[in-house]
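As a plain string of letters, each chain reads:
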Amino acid sequence: MTEKDIEIQDEETLNEAPTDETDNQAEEANAAESSEESGESEEKDPLEKAQDEIAELKDKWLRSVAEFENYRKRTLKERAELILNGGEKVITAILPILDDMERAIENGAKTDDPEVLREGMALIHQKFMKTLESQGVNKIETKDADFDTDVHEAVAMVPGMGDDKKGKVIDCLQEGYKLNDKVIRHAKVAVGQ
């Protein structure tokens, strides 16, 4: 090594020595500060935990509120669609009967036999009743039935029918119908008095 290299090396060594001492002092100061901060952080730690927990709960709450709002909007939309298109199944089932009626009208003009027309109307009526039954619509029975205000509507009281006819349905003026178990039209009947 040359003298110049030794001088440069000595200068570097001199520069490093105070730096190491300075670094050691800086580390000790940082350690002291961190110990002071850790004392403060222990005091702040429950507060920070509570704030973190509050933030987490607030986030969960906001997500739940948003999810519920989306659910509410979706169910309102589904309900509106059901109201608008709820009868689609029934209408689809009734359309073939409409076709039969149109064919009967067309063929009725070609024949003069009223018996053929009656038979065609009876077949269409039978098909219509089967279709209604498949949709859950049933006729309320009134023949020889006891008067029941849940399914019957009395439009006339017939006196002098005897004790065996008292409170019984004498005549049905308009048929009543149930949809599943719900009365959708009360039977209008005459009741014995």
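Refer to the structure presented above.
Let us look at the structure shown here.

1. A word on unusual backbone geometry
So, step 1. Notably, aspartate 144 is not glycine yet its phi reads approximately 55°, a positive angle.
So, step 2. Examined against the element boundaries, aspartate 144 turns out to sit in the loop between strand E1 (137-139) and strand E2 (152-158).

2. Brief notes about the sheet that holds strand E6 (residues 187-192)
So, step 1. Read from one edge to the other, the open sheet built from three strands follows the order E2-E6-E3, with strand pairing classed as mixed. This sheet does not close on itself; its edge strands, each paired only once, are E2 and strand E3 (169-174). Recorded for the sheet is a direction-independent mean angle of 30° between the axes of neighbouring strands.
So, step 2. With four bridges connecting them, E3 and E6 associate as antiparallel partners. By the bridge assignment for E6, aspartate 171 is matched with alanine 190.

3. Things to note about the sheet that holds strand E5 (residues 182-185)
So, step 1. Spatial ordering of the open sheet is given by E1-E4-E5, a layout of three strands whose pairing is antiparallel. The strands lining the two open edges of the sheet, one partner per strand, are E1 and E5. Recorded for the sheet is a direction-independent mean angle of 35° between the axes of neighbouring strands.

4. Things to note about the side chain of aspartate 100
So, step 1. Take aspartate 100: it is sitting in helix H2 (residues 88-108).
So, step 2. At a separation of 2.8 Å, a polar atom in the side chain of aspartate 100 contacts the side chain of lysine 127.
So, step 3. The contact partners of aspartate 100, leaving out residues within four places of it in the chain, are Ile124 and Lys127.

5. Details of the environment of valine 155
So, step 1. Within the secondary structure, valine 155 is located in strand E2.
So, step 2. With a relative accessible area of 43%, valine 155 lands in the partly exposed category.
So, step 3. Spatially, the C-alpha atom of valine 155 lies 5.9 Å from that of alanine 190, the residues being 35 residues apart in sequence.
So, step 4. Discounting residues that sit within four places of it in the chain, valine 155 has contacts with Leu173, Lys188 and Val189.

6. Description of the packing of aromatic side chains
So, step 1. A complete count under the given rule lists one aromatic pair for this structure.
So, step 2. Between the aromatic rings of phenylalanine 68 and tyrosine 71, the centroid separation amounts to 6.4 Å while the plane-to-plane angle is 40°, which identifies the pairing as tilted. Here tyrosine 71 and phenylalanine 68 lie together in helix H1 (residues 3-85), a separation of three residues that amounts to about one turn.

7. Quick look at a nonpolar patch on the surface
So, step 1. A surface patch of nonpolar side chains, amounting to about 350 Å² of accessible area, comprises Ile91, Leu95, Leu98 and Met101.
So, step 2. Structurally, leucine 98 is set in helix H2.
So, step 3. Classification of leucine 98 as partly exposed rests on a relative accessible area of 40%.

8. Things to note about the environment of aspartate 99
So, step 1. Mapped onto the secondary structure, aspartate 99 falls in helix H2.
So, step 2. In sequence terms aspartate 99 and isoleucine 124 are 25 residues apart; their C-alpha atoms lie 10.0 Å from each other.

9. So, the pattern of salt bridges
So, step 1. Applying the stated criterion across every chain, the model contains seven salt bridges.
So, step 2. Lysine 60 is the salt-bridge partner of glutamate 56, the closest N and O atoms lying 3.7 Å from each other. Here glutamate 56 pairs with lysine 60, and both are found in helix H1, just four residues apart, close to one helical turn.
So, step 3. Accessibility expressed as a relative area gives 48% for glutamate 56, which makes it partly exposed.
So, step 4. Note that lysine 127 is salt-bridged to aspartate 100, the shortest N-O span being 2.8 Å. Of this pair, lysine 127 sits in helix H3 (residues 114-134) while aspartate 100 sits in helix H2, and the two are 27 residues apart along the sequence.
So, step 5. Overall, the relative accessible area of 17% leaves aspartate 100 in the buried class.
So, step 6. One connected set of salt bridges, linked through shared partners, spans Asp100, Arg103 and Lys127.

Reading the values: rules and limits
Residues numbered from 1 in each chain as written. Predicted model: local features only at pLDDT ≥ 70, side-chain atom pairs only at ≥ 80, totals over all residues. Heavy atoms only, no water. Helix = DSSP H or I, 4+ residues; strand = E, 2+ residues; numbered from the N terminus. Pairing = 2+ DSSP bridges. Axes fitted to C-alpha atoms, helices over the stretch in contact; angles between N-to-C directions. Polar contact = N/O pair within 3.5 Å; in protein donor to acceptor, adjacent residues only side chain to side chain. Contact = heavy atoms within 4.5 Å. Buried < 20%, exposed > 50% of the residue type's maximum accessible area, 1.4 Å probe, protein only. Phe/Tyr/Trp six-rings, centres within 6.5 Å; stacked < 30°, edge-to-face > 60°. Patch = residues over 30% accessible without salt bridge, like charges linked within 9 Å, V, L, I, M, F, W, Y side chains within 5 Å. Areas by Shrake-Rupley, 256 points an atom, 1.4 Å probe, with all protein chains shown as cover. Salt bridge = Lys/Arg side-chain N within 4 Å of Asp/Glu carboxyl O.

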